[in-house]
Amino acid sequence: METERFDSGSLEATEAFLSRAYTPMRIGGRPQDTRTRIVRNAAEGLVVDRLDFGYTMTYDADQLNAICLITVHKGSMVDTTDGRNDVYGPGETFLIAPPDRPYTGALHSARYTITMFDPALLDRVAAAGANSDGPVRLTGPAVEGLVVATAVQHLAAVTLSALPSITAQEEDHRTDSRDAHTETLRRAKAFIEENAHRTIGLADIAAAAFVTPRAVQYAFSRHTDTTPLGHLRHVRLTRAHVDLVKADPHVSSVTRIAAAWGFPHVGRFAAAYRRHYGVTPAVTLRAHD
């Protein structure tokens with residue numbers, strides 16, 4: 001894995017670095033504080049960057065030719081591409097633009113992570129998992145809510161597993177291990193139960209438990225046979241079951257209920273549901289028919 005660091009108070013130097021690292025772009029900012037810090041970690045096929053801007057900065061960029069997901073940790077980002085005005089804050093993740101489209105926006109004292117990979121990876125995954133007649137093209141957020149957020153959380157988990165050294169030097173493992181007690185587990189589970197309908201992830205669960213993400217992972221590993229996100233999926237499966245029991249089969253559907261609880265792949269949802277409840281979700285839904 002290759003690591004590159006950038007630290008500058010010059011807008012010109014920052015613009016040059018961003019144009020080289022991503023795509024040619026034009027930036028602007030407030031002159032009193034233009035400190036920018038960037039740490040880039042790159043492995044084969046995957047780039048994970050941590051960026052910290054201590055000021056308001058606007059950008060007008062060319063196409064990336066890459067899938068680029070942004071997770072905001074502090075401050076805010078505004079996506080103004082194609083006339084939008086979408087604001088993202090801490091804990092939120094979004095696709096900055098389709099790979100073949102230019103993009104514009106602004107950030108306000110933002111600290112965030114960029115996860116970027118080749119669009120061809122989507123073609124390979126699609127070819128392996130379903131029939132595909134050609135290249136995959138992302139046309140926008142066709143599915144809203146928990147489906148998108150859940151997919152992003154899975155990518156983040158895979159990223160952390162693939163590049164463990166990104167966080168290895170940032171966290172005190174001994175402190176995390178000490179914080180992985182039953183009270184941490186209780187707070188984390190309570191937060192999940194109360195917020196399973198929202199687009200929450202590991203960072204949100206850890207913040208609610210007043211520990212680091214690694215500590216809450218340790219707590220689940222030490223005291224349960226699952227992970228924080230595994231428990232979240234279980235809670236959502238249970239809520240989906242309740243909705244299936246109550247739903248009118250002439251009005252609702254398995255696909256709609258699964259998507260409402262963050263399960264984008266109805267086949268996998270059905271398999272998980274059958275393992276847990278002994279019947280398919282369709283059988284449950286039709287019980288009142």
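Residues numbered from 1 in each chain as written. Predicted model: local features only at pLDDT ≥ 70, side-chain atom pairs only at ≥ 80, totals over all residues. Heavy atoms only, no water.

### Focus on the packing of helix α6 (residues 182-195) against helix α9 (residues 228-246)
At a minimum axis distance of 10 Å, the contact between α6 and α9 shows a crossing angle of 35°. Judged by the sense of rotation from one axis to the other, the crossing of α6 with α9 is right-handed. On α9, the residues touching Lys189, Ile192 and Glu193 of α6 are Pro228, His231, Leu232, Val235 and Arg239. (Axes fitted to C-alpha atoms, helices over the stretch in contact; angles between N-to-C directions. Helix = DSSP H or I, 4+ residues; strand = E, 2+ residues; numbered from the N terminus. Left-handed = near helix turned anticlockwise from the far one by under 90°. Contact = heavy atoms within 4.5 Å.)

### Regarding helix α11 (residues 266-277)
Between its first and last C-alpha, α11 extends 16 Å over 12 residues, near the 16 Å set by a 1.5 Å rise per residue. Of the residues one or two after α11, glycine 278 is the one with positive phi, at around 85°. (Expected span 1.5 Å × (residues − 1).)

### What to know about the pattern of salt bridges
Side-chain pairs of opposite charge can arise whenever the charged atoms involved come near each other. By the definition in use, this model includes 12 salt bridges. Taking the shortest distance from any N to any O, the salt bridge between aspartate 62 and arginine 26 comes out at 3.6 Å. Here aspartate 62 is found in the loop between β5 (56-61) and β6 (67-79), whereas its partner arginine 26 is found in strand β2 (residues 25-29), with 36 residues between them in sequence. Looking at arginine 26, the relative accessible area reads 42%, which means it is partly exposed. Among the ionic pairs, aspartate 82 bridges to arginine 101, the shortest N-O distance being 3.0 Å. Note that aspartate 82 is positioned in the loop between β6 and β7 (86-88) and arginine 101 in the loop between β8 (93-95) and β9 (103-117), a separation of 19 residues in sequence. Through salt bridges with shared partners, one network takes in Asp7, Arg35 and Arg37. (Salt bridge = Lys/Arg side-chain N within 4 Å of Asp/Glu carboxyl O. Buried < 20%, exposed > 50% of the residue type's maximum accessible area, 1.4 Å probe, protein only.)

### Here's the deal with the nonpolar core
By size, the foremost hydrophobic cluster in this structure holds 31 residues, and its most contacted members are Leu18, Tyr22, Ile70, Met77, Ile96 and Tyr112. Looking at this core, the elements that each hand over two or more residues are α1 (11-21), β2, β4 (46-53), β5, β6 and β9. When residues in this core are grouped by element, the largest group, six residues, is from β9. Among residues more than four places away in sequence, those in contact with tyrosine 112 are Asp49, Arg50, Leu51, Phe53, Ile70, Thr71, Val72, His73, Met77 and Leu107. (Core = buried A, V, L, I, M, F, W, Y, C linked by side-chain atoms within 4.5 Å.)

### With respect to empty space enclosed by the protein
Enumeration according to the criterion identifies two cavities of 30 Å³ or more in this entry. Of the volumes computed, that of the largest cavity is approximately 140 Å³. Lining the largest cavity are 15 residues, and of these Met25, Ile96, Tyr103, Tyr112 and Ile114 lie nearest its centre. For the lining of the largest cavity, the element with the most residues is β9, which contributes four residues. (1 Å grid on protein atoms, 1.4 Å probe; cavity = no way out; pocket = protein on both sides within 12 Å on 5 of 7 lines; lining within 4 Å. Points joined across faces, edges and corners; volume = space filled by probe spheres on them.)

### Looking at the packing of aromatic side chains
For the structure shown, the criterion picks out eight aromatic pairs. Judged by centre distance (6.1 Å) and plane angle (10°), the rings of phenylalanine 53 and tyrosine 112 are stacked. Residue phenylalanine 53 is located in strand β4, and its partner tyrosine 112 is located in strand β9; the two are separated by 59 residues in the primary sequence. Exposure class is identical for phenylalanine 53 and tyrosine 112. Each is buried. Counting every residue linked through ring pairs, the aromatic cluster contains Phe263, Phe269, Tyr273 and Tyr277. When the ring centre of tyrosine 22 is taken as reference, the NZ or CZ atom of arginine 40 above it lies at 5.1 Å. (Phe/Tyr/Trp six-rings, centres within 6.5 Å; stacked < 30°, edge-to-face > 60°. Lys NZ or Arg CZ within 6 Å of the ring centre and 35° of its normal.)

### A look at the packing of α6 against helix α8 (residues 213-223)
Interaxial distance between α6 and α8 falls to 9 Å at its minimum, and their mutual angle equals 105°. It follows from the interaxial angle that α6 and α8 lie roughly perpendicular. Listed contacts from α8 to Thr182, Thr184, Leu185, Ala188, Lys189 and Ile192 of α6 are Val216, Ala219, Phe220 and His223. Along the lines of polarity and charge, the residues of the contact of α6 with α8 split into six nonpolar, three polar and one charged. (Parallel < 35°, antiparallel > 145°, perpendicular 65-115°, else oblique. Nonpolar A, V, L, I, M, F, W, Y, C, P; charged D, E, K, R; others polar.)

### Some words on the pairing of β5
Sheet analysis places β2 next to β5, joined by five bridges and oriented antiparallel. Residue pairing for β5: methionine 25 is matched across the bridge by alanine 61. The pairing of β5 with β9 spans six bridges and is classified as antiparallel. Following the sheet pairing, aspartate 60 is matched in β9 by threonine 104. (Pairing = 2+ DSSP bridges.)

### Details of the confidence of the model for the protein
Keep in mind that low pLDDT regions are not for reading the predicted coordinates in detail. Averaged over the protein, the pLDDT score is 81; the fraction of residues at 70 or greater is 79%. pLDDT under 50 marks residues 138-144. Its contacts with residues more than four places away, or in other chains, come to five contacts. In the predicted structure, residues 161-171 sits below a pLDDT of 50 and forms 17 contacts with residues beyond four places in sequence or in another chain. (pLDDT = per-residue confidence, 0-100.)

### A few points about unusual backbone geometry
Phi is positive for aspartate 82, close to 55°, though the residue is something other than glycine. Positive phi outside glycine occurs at phenylalanine 210, with the angle close to 65°. Turning to its location among the elements, phenylalanine 210 is positioned in the loop between α7 (202-208) and α8.

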